[in-house]
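Okay, here's what each chain looks like letter by letter:
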Amino acid sequence: MSVPAVHRPALSLVPDRSEERVVDADVYRNVFRRHAAGVVVITADAGHGPVGFTATSLVSVSLLPPLVSFAIDTKASSWPTVSRAESLAINFLSDDQQAIAGRFATSGIDRFAAPTRWSRLHTGEPVLDEAPSVLRAHVEHRFAVGDHYLVVARLITHTERREHEPLLYHDGRYATATPRVHHV
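The notes below deal with the structure included here. None of the values given here were measured: they were computed from a predicted structure. (Residues numbered from 1 in each chain as written. Predicted model: local features only at pLDDT ≥ 70, side-chain atom pairs only at ≥ 80, totals over all residues. Heavy atoms only, no water.)

1. Here's the deal with the sheet that holds strand E1 (residues 37–38)
Part 1 of the argument: Spatially, three strands are ordered E1-E11-E12 in an open sheet, and the strand pairing comes out antiparallel. Two strands bound the open sheet, and with one partner strand each, they are E1 and strand E12 (173–176).
Part 2 of the argument: Two elements, E1 and strand E11 (residues 167–170), share two bridges in a ladder whose sense is antiparallel. Counterpart to Gly 38 in the pairing with E11 is Leu 168. (Pairing = 2+ DSSP bridges. Helix = DSSP H or I, 4+ residues; strand = E, 2+ residues; numbered from the N terminus.)

Below you can see the structure in the form of structure tokens.
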């Protein structure tokens, strides 16, 4: 039995006219603002009241055991609590929750004051009442990396309150994964 020949087009190399640049702070920001990322609010309490911050750095790390990581700035107001907290909550945001993402990204305000609606899990972690999905996690590791800390956490429980489209951050603004259909 003969196998028919497969026609493959010849590989064509297009000259690269781009300019290679050193990755400084401006280049870094410009490259990553074009990388879409999911938006979550990380919340914790180490005994001195709840803290929370908006994060786009959440990534899955391991399936077995179930681990995630996120980064937090060394100067973040939430860092002292996150540095001491044994556990935390990861509040996933839906595409209609840009206001809450903006609130938890704003410095110098009480992020948990009204209009924020929040409560505590039976284990004490603060959670956003309107978050459609929440993960509770135990902090396993904290690593100093550059101007941030990398936090690795083991997932313990998951609460799915409703299906949702994720809130994304792309090109310096909030975005959605699917375009909204406007009916006339």
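So, next bit.
2. What about unusual backbone geometry?
Most of the time, phi is negative for any residue but glycine, and the peptide bond is trans.
Part 1 of the argument: Of note, the bond from Leu 64 into Pro 65 is cis; its omega dihedral lies within 30 degrees of zero at 0°.
Part 2 of the argument: Within the secondary structure, Pro 65 sits in the loop between strand E4 (59–62) and strand E5 (67–73).
Part 3 of the argument: Cis geometry is found at the peptide bond from Ala 114 to Pro 115, where omega equals 20°.
Part 4 of the argument: Note that Pro 115 resides in the loop between helix H3 (98–104) and strand E7 (118–120).

3. Points about the packing of aromatic side chains
Part 1 of the argument: Inspection of every chain in the model, using the stated rule, returns six aromatic pairs.
Part 2 of the argument: With centroids separated by 5.2 Å and ring planes inclined at 90°, the aromatic side chains of Phe 104 and Phe 112 adopt a geometry described as edge-to-face. Phe 112 shares its class with Phe 104; the two are buried.
Part 3 of the argument: Ring geometry for Phe 112 against Trp 118: centres 5.1 Å apart, planes inclined by 75°, an arrangement best described as edge-to-face. (Phe/Tyr/Trp six-rings, centres within 6.5 Å; stacked < 30°, edge-to-face > 60°. Buried < 20%, exposed > 50% of the residue type's maximum accessible area, 1.4 Å probe, protein only.)

4. Points about the sheet that holds E4
Part 1 of the argument: Reading across from one edge, E3-E2-E6-E9-E10-E5-E4 is the order of the seven strands in this open sheet, with antiparallel pairing throughout. For this open sheet the edge positions go to strand E3 (51–55) and E4, each flanked by a neighbour on one side alone. Recorded for the sheet is a direction-independent mean angle of 35° between the axes of neighbouring strands. (Axes fitted to C-alpha atoms, helices over the stretch in contact; angles between N-to-C directions.)

5. Things to note about the pairing of E5
Part 1 of the argument: Of all seven residues that make up E5, five are buried, and the element is covered over most of its length.
Part 2 of the argument: Here E4 runs beside E5; their pairing, made up of three bridges, is antiparallel. The residue bridging Ser 62 from the neighbouring strand is Leu 67, located in E5.
Part 3 of the argument: Pairing between E5 and strand E10 (residues 148–160): seven bridges, direction antiparallel. Counted as the bridge partner of Val 68 is Ala 153 from E10.

As far as function goes, none of this settles anything; it's purely spatial.
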